[in-house]
Amino acid sequence: MQSSKTAPGTHMPDALLLTNARLAYGNDELVDIALQDGRIASVGAALPTENLEVIDCGGRLVTPGLIDCHTHIIHGGDRTNEFEMRLEGANYQDIARAGGGIVSSVAATRALNPEELLAASLTRIDALLAEGVTTLEIKSGYGLSIVSELDMLRAARLLETRRPVRVKTTWLAAHTMPKDFDGSRDDYIRDVAIAGLKQAHEEGLVDAVDAFCESIAFSAEEIRPLFETARNLGLPVKLHTEQLTRSGGTSLAAEFGALSVDHFEYADDPEVQAIAASGTVAVLLPGAFYMLNEKQKPPVGALRKAGVPMALATDCNPGTSPVSSILTTMNMGAVLFGLTVRECLDAVTLNAARALGLENEIGVVAPGASADLAIWDAERPAQLVGRLGANLLHKRIFKGTVVHG
């Protein structure tokens, strides 16, 4: 195989040609994929150019670069003590009401500046990149003050300057009430979540707005003014909802044309029909389901029947889903939630792209899309989904450049 690396000081190739590539569900035919100027130029036809670099895939599986469309990966501190508490019988609500959960990460996160936050998070981030992830969504939500929430997003923006990865940022100040806030939930939404969002928008730090609609967090009506502000600013919304109870957030999300509703375990047919009508993606998070030892599964059959796109994500966070493996997440989506292999692959490529509003840019191997690809030491998607502890990544390509392998 010809080397994909270019020596320092030499001229970069005009184009990269992947030969003998095996596409998922491509009738087992081997094709050529031409990449030029950071985009996929053609699939199935060579690209004529004088300065062409060739990588022979040797029949290996080539997929879009994987997308982790829901993470809380930038934070300070450690909450493995809560894992022990759950083993001893405590549930999510018990831990939260005892001062654990989200609020326990606040002090550790507030103590770090953006550079320190990023440094503390790189091990988790690098683990995902090493599994073929080329796009990462990162939420705020562990600062719970304007200053610290902004610092989390600044750290997320810094990541693109330190690693070859696309980052989409989400404002999640409406995650829970901080202990040190002197006021009501409505006051917090107005004085922190909305006021901070306006500043984040002015600084170009935010791509979307999220909130946690749950009995231990905020109600749909408390969240409404935040979503109205997001709409006025031209920002899309997402919503954590129906995770621990049937919280009623889905109708709000559908009303605002949310990119996604996330978790969604306690949703019933009315909720499914609402997001089917609004074109909203259901982002399923089996890591949290597994770590919390939950019993209520998301309504996969109803989502499938209604034609709702389903995405999978790690939900990487310090407490309820300390998962930094997108491949393990795919396996859990199949084993725990009953997704097919094809649904699992779609869930971390084209449907995950839709959950970020990037379906016209990433998530497919097609002419015009960004040249974000993963080459695997595999022939079939089932080998990616059906094996635990085996990372079959051969090369990761980001915007047309080999950045791993």
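Now for a quick tour of the structure. (Residues numbered from 1 in each chain as written. Predicted model: local features only at pLDDT ≥ 70, side-chain atom pairs only at ≥ 80, totals over all residues. Heavy atoms only, no water.)

### With respect to the overall build of the protein
In step 1: When helices and strands are tallied, the protein shows 15 helices and 16 strands.
In step 2: At 21 Å, the protein has a C-alpha radius of gyration in line with the 22 Å of a compact globule built from 405 residues.
In step 3: Its C-alpha atoms give the protein principal-axis dimensions of roughly 65 × 45 × 45 Å.
In step 4: In the protein, which comprises 405 residues, the share counted as buried stands at 55%.
In step 5: Here the contacts in the protein between residues at least 6 apart in sequence split such that 71% fall between residues at least 24 apart.
In step 6: Approximately 15,500 Å² of the protein is accessible, and the part contributed by carbon and sulfur atoms is 48%.
In step 7: For the protein, the centre of its 35 positive side-chain charges and the centre of its 51 negative side-chain charges are spaced 2 Å apart. (Helix = DSSP H or I, 4+ residues; strand = E, 2+ residues; numbered from the N terminus. Rg over C-alpha atoms; globule rule 2.2 N^0.38 Å. Buried < 20%, exposed > 50% of the residue type's maximum accessible area, 1.4 Å probe, protein only. Contact = heavy atoms within 4.5 Å. Areas by Shrake-Rupley, 256 points an atom, 1.4 Å probe, with all protein chains shown as cover. Lys, Arg positive; Asp, Glu negative; His and termini not counted. Charge placed at Lys NZ, Arg CZ, Asp CG, Glu CD.)

### Considerations on the side chain of glutamate 265
In step 1: Note on placement: glutamate 265 falls in the loop between strand 11 (260-263) and helix 9 (269-278).
In step 2: For glutamate 265, the contacting residues outside a window of four places in its chain are Glu242, Gln243, Phe289, Gln296, Lys297, Pro298 and Pro299.

### Some words on the pattern of salt bridges
In step 1: Under the counting rule described, the total for this entry stands at 20 salt bridges.
In step 2: Close ionic contact of lysine 139 with aspartate 210 constitutes a salt bridge, the shortest N to O distance being 2.8 Å. One end of the pair, lysine 139, is in strand 7 (residues 133-139); the other, aspartate 210, is in strand 9 (residues 208-213), with 71 residues separating them in the sequence.
In step 3: On the basis of relative accessible area, aspartate 210 is assigned to the buried category, the value being 0%. (Salt bridge = Lys/Arg side-chain N within 4 Å of Asp/Glu carboxyl O.)

### A few points about helix 7 (residues 220-233)
In step 1: Taking 1.5 Å per residue, 14 residues should reach 20 Å; helix 7 reaches 20 Å between its end C-alpha atoms and fits that length.
In step 2: Of all the residues in helix 7, the buried ones are Ala220, Glu222, Ile223, Leu226, Phe227, Thr229 and Ala230.
In step 3: Packing partners of the buried residues in helix 7 comprise strand 8 (166-174), helix 6 (185-202), strand 9, strand 10 (238-241) and helix 8 (249-255).
In step 4: Following helix 7 by one or two positions, glycine 234 has its phi on the positive side, about 80°. (Expected span 1.5 Å × (residues − 1).)

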